[in-house]
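Each chain, written out:
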Amino acid sequence: MAPAANQDEGLARRLKWWEEARFGFFVHWGLYAIPAGRWKGKYYERIGEWIMHSAKVPVEEYEQLAAEFNPVKFDAEKWVSLAKQAGTKYFVITSKHHDGFALFDSPSSDYDIIDATPFGRDPMKELAEACRKAKMPFGFYYSQAQDWHEPGGLGNTWDFSKPSQKKFKAYLEEKVKPQLRELLTQYGPIALIWFDTPRDMREEHSIELKHFVHSIQPDCIVSGRIGNNVGDYGSLGDNQIPRGGLGLPGAWETPATLNDTWGYKTDDKNWKSTRVLLELLVDLASKGINYLLNVGPTAEGVIPKASVTRLEAMGRWLEVHGEAIYGTQGSPFPYEFSWGRMTRKGRNLYLHFFQWPRGRLVVYGLRNKVKSTCLLGDRDAAIEVTQDSDSATGSHRLELRIPRKRPSGEIPVLRLDLDGPPDAEQLPVPQFDGRIELPAPLAEIHNQSGTRGIALGQSGSLEFWTNKRNGVSWQFRVVEPGDYAVHVILSTSRVSRKLVGGHVVSLAVGGSQTESKLDVNRRIESARTQYFPEARAEAGTLRIETAGVHTLQMRARSINREASAGIVFSAVELVPVGRR
Ligand code: FHN
């Protein structure tokens, strides 16, 4: 669903810089950096900033951490300079997380860094100043609904019972609004307020808070997690990357971790490699989604070395390849490529190679003429281009002869300079390896009236296929007739991360039909499936007799009742038999 505010006329203007930025720097910092994942010697699995909740620490006990918070090594200029070096284009930091502690000078509260800690400095003031000097847009994360310190806030069930709407409203009036006013008046222009976990926020609350922010700073962007689709842009789940693209209107962002936690946790050493981080950045950019990448500094104010080295390496790649990320839009093709991803800008198309094609690459479906090419970082590389179109199959074919030797650098990028803005066939067509991917957002949904229908969720997957009378279909183009193995990519909804198989489906193209039980045994291992699992379920073979446009029909024979969201899947793949 598009954030309702996307209808707002001034929105495109306000969001322009943010959409062009594509890559942001996120900081989760607060009292939770002191326990760093352990409470009274016990280790807690959950993300570091949730320690108060995980260990059910009473407010009075948790409050005592403030007396210890003295981040003497904090250096705002150093943090902002790292954000710059990493190639990020906006900076967002937790001003108040769910623990309720204000990491800024909050005259309306005693539970803030100035009144409650020995530090005596306002890090937000120093960061705002450093960002201003570095021309880096600066924004605040603010947990508007969950506040474990307040009886009127949500989430603390060990000290307080769930607040009534009246109490929650009082909390919004007496804590949230005064603190937002402080954040929006004490630190100069604020680029964005990153609201989070809008639990129990009624639509009227979300709208009112958004107007409140805009009444003080009209250009300040409001994140989608203000709730009820009223944000200026949509926020995907943490570390979430849709497979084939979102298929939803509006601007989007994915907040993401370098390891698994947001707030510093001594024991979390599950760092993603630079290569994986760059792939995630590229993957998101290829779908027109911003990547807001998080660091969790220590209680002393130091950004962990493992974060620094990765971010610096990302920055080095961006120095050479930044033109293929900043100011770009998503791929003109509505599906992913097995060799990598695409982004576009003006008349340029950027091919980001996760796998180097070794000599030759064929792309079907690009209707433009390629005027010239350039391998970023190696302007002398010779690339030969051949283009033709086959009137029998209606397919446009682009062949690139590429040096066999893979260029150095994490992800090589080839720029194609076209005769106009990229114009790609929107029907799924074969890839270089013959595979045809039918992504969820391109499916035609056939819901019987009166039934709860299949819908495209905020994860780029089809969900709520709970009724056998409903079904889906895709049109696609075949270039080489023959036998195709069919795979259904089972996935999870944004809410339930449990992969469920056991459904029986039938798939048919023309007179060829196959029926199979879908299982989740073949997990797809990748950086993105670490948080949102996917499985490739084998679903038989179909014979496609002719080249040209065909329709694949997918029906449900039985749906596993354990799956609350029904059959959830992100794509169907057709793989030519013998080329698997
Ligand atoms: O509960 C928070 C979590 O601690 C962290 O702040 C993330 C960042 O996106 N947001 C919430 C969970 O989605």
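I will try to describe carefully the structure that is included in this document. Along each chain, residue indices are assigned from 1 in the same order as the chain's sequence is written. Only residues with pLDDT of at least 70 are given local features in this predicted model, and only at 80 or more are side-chain atom pairs given and counted; all residues enter the totals for whole chains, interfaces and linings. Neither water nor hydrogens contribute to the side-chain values; these are computed over all heavy atoms in the structure.

The next thing to look at is the overall build of the protein. Secondary structure is summarised from DSSP: a helix means a run of H or I of at least four residues, a strand means a run of E of at least two, and numbering begins at the N terminus for each. Looking only at helices and strands, one finds ten helices and 29 strands in the protein. Since a compact globule built from 580 residues should have a radius of gyration of about 25 Å, the 25 Å found for the protein is in line with a globular shape. Across its three principal directions, the C-alpha atoms of the protein cover 75 × 60 × 50 Å. Burial classes follow relative accessibility: with a 1.4 Å probe on protein chains only, a residue under 20% of its type's maximum area counts as buried, one over 50% as exposed, and anything between as partly exposed. Sorting the 580 residues of the protein into buried and exposed places 60% on the buried side. For accessible areas, the Shrake-Rupley method is used with a probe of radius 1.4 Å. Any residue's cover is judged against the shown protein chains and nothing else. In the structure as shown, the protein presents an accessible area of about 22,700 Å², 47% of it carried by carbon and sulfur atoms. Computation of the radius of gyration draws on C-alpha atoms alone. For the globule rule, the value is 2.2 Å times the number of residues to the power 0.38.

You can see Glu 300 is positioned in the loop between strand 10 (289-295) and helix 10 (305-321). Taking relative accessible area as the criterion, Glu 300 reaches 37% and is therefore assigned partly exposed.

Bringing the pattern of salt bridges into the picture now. What makes a salt bridge here is a side-chain nitrogen of Lys or Arg within 4 Å of a carboxyl oxygen of Asp or Glu, nothing more. Overall, the coordinates contain 46 salt bridges when judged by the stated rule. Among the salt bridges present, the one from Arg 38 reaches Asp 267, with a minimum N-O distance of 3.2 Å. Note that Arg 38 is positioned in strand 2 (residues 38-39) and Asp 267 in the loop between strand 9 (252-256) and helix 9 (274-285), a separation of 229 residues in sequence. Since its relative accessible area comes to 35%, Asp 267 is described here as partly exposed.

Before going further, it helps to examine the sheet that holds strand 26 (residues 512-517). Within a sheet, adjacent strands bond to each other through the backbone by hydrogen bonds, running parallel or antiparallel. Pairing between two strands is assigned when DSSP locates at least 2 bridges connecting them. The strand order 20-23-28-25-26 describes an open sheet built from five strands, whose pairing is antiparallel. Either end of the sheet is taken by a strand with one partner, and the two such strands are strand 20 (444-446) and strand 26. Adjacent strand axes in the sheet meet at a mean angle of 25° when their direction is disregarded. As paired strands, strand 20 and strand 23 (residues 471-478) are joined by three bridges and run antiparallel to one another. What sits directly across from Glu 444, in strand 23, is Ser 473. Between N-to-C directions, angles cover 0 to 180 degrees, with each direction set by a line fitted to C-alpha atoms, over the stretch in contact for helices.

Reading across from one edge, 7-6-5-4-1-10-9-8 is the order of the eight strands in this open sheet, with parallel pairing throughout. Strands with a single pairing partner mark the edges of an open sheet, and in this sheet they are strand 7 (221-222) and strand 8 (234-235). Pairing of strand 1 (residues 23-27) with strand 10 involves five bridges; the strand directions are parallel. Note that in strand 10 the partner of Gly 24 across the bridge is Leu 292. Contacts from helix 6 (residues 123-134) reach strand 4 (91-96) and strand 5 (138-142), with the element oriented near 165° to strand 4. Note on contacts: a residue pair qualifies if any of its non-hydrogen atoms lie within 4.5 Å across the two residues. The strands that helix 10 touches are strand 1 and strand 10; relative to strand 10, the one it contacts most, it runs at about 150°.

Any pair of Phe, Tyr and Trp rings, taking the six-membered ring for Trp, is counted once the centres come within 6.5 Å. Such a pair is stacked with planes under 30 degrees apart, edge-to-face with planes over 60 apart, and tilted for the rest. Counting across every chain of the model gives 29 aromatic pairs. Ring centres of Phe 333 and Phe 337 lie 5.3 Å apart, and the angle between their planes is 80°; this geometry places the pair in the edge-to-face category. Here the two residues Phe 333 and Phe 337 agree in accessibility, since each one is buried. Through pairs of rings, three or more aromatic residues link up here, namely Phe 333, Tyr 335, Phe 337, Trp 339, Phe 353 and Trp 356. Put simply, a charge is over a ring when the Lys NZ or the Arg CZ is close to the ring centre, within 6 Å, and near the line of the ring normal, within 35 degrees. The ring of Trp 50 is capped by Arg 46, whose NZ or CZ atom sits 4.0 Å from the centre of that ring. It is Lys 89 that lies over the ring of Tyr 326; its NZ or CZ is 4.5 Å from the centre.

Its location among the elements puts Ser 106 in the loop between strand 4 and helix 5 (113-116). A polar side-chain atom of Ser 106 sits 3.0 Å from a polar atom in the side chain of Gln 179. Leave out the neighbours within four places in its chain, and Ser 106 touches Asp 112, Asp 115, Gln 179 and Glu 182. Pairing of N or O atoms within 3.5 Å defines a polar contact, subject to two protein rules: one partner must be a possible hydrogen donor and the other a possible acceptor, and residues neighboring in sequence count only if both atoms are side-chain atoms.

All right, on to the site of the ligand then. By convention in these notes, a residue is near a molecule or strand provided one of its non-hydrogen atoms lies within 4 Å of it. Neighbouring residues of the ligand: 14 residues in total, closest His 28, Glu 49, His 98, Asp 196 and Asp 238. Between the ligand and Tyr 141 there is a distance of 3.5 Å, counted from an oxygen atom to a side-chain nitrogen or oxygen. Residue Asp 238 places a side-chain N or O atom 2.7 Å away from an oxygen atom belonging to the ligand. Contact with the protein chains covers 90% of the free accessible surface of the ligand, which is 320 Å².

Note on disulfides: each one is a pair of cysteine sulfur atoms within 2.5 Å. Taken as a whole and assessed by the stated rule, the structure comprises zero disulfides. Cys 131 provides the cysteine sulfur closest to Cys 220, a residue in no disulfide bond, and the two sulfurs are 14 Å apart. Classification of Cys 220 by relative accessible area gives buried; the value is 1%.

Remark: helix 7 (residues 165-186) packs on helix 8 (residues 203-216), axes separated minimally by 10 Å, with the N-to-C direction vectors making an angle of 20°. By the angle class used here, helix 7 and helix 8 are roughly parallel. Note on packing geometry: the crossing formed by helix 7 with helix 8 is right-handed. Counted together, Gln 165, Phe 168, Lys 169, Leu 172, Glu 173, Val 176, Lys 177, Leu 180, Arg 181, Leu 184 and Thr 185 of helix 7 and His 205, Glu 208, Leu 209, Phe 212, Val 213 and Ile 216 of helix 8 form the full contact between these two elements. Only Asp, Glu, Lys and Arg are considered charged, only Ala, Val, Leu, Ile, Met, Phe, Trp, Tyr, Cys and Pro nonpolar, and every remaining residue, Gly among them, polar. For the contact of helix 7 with helix 8, the residue count by class is nine nonpolar, three polar and five charged. Roughly parallel refers to an angle under 35 degrees, roughly antiparallel to one over 145, roughly perpendicular to one between 65 and 115, and oblique to any angle outside these ranges. Left-handed describes a crossing whose near helix is turned anticlockwise from the far helix by less than a right angle; the clockwise case is right-handed.

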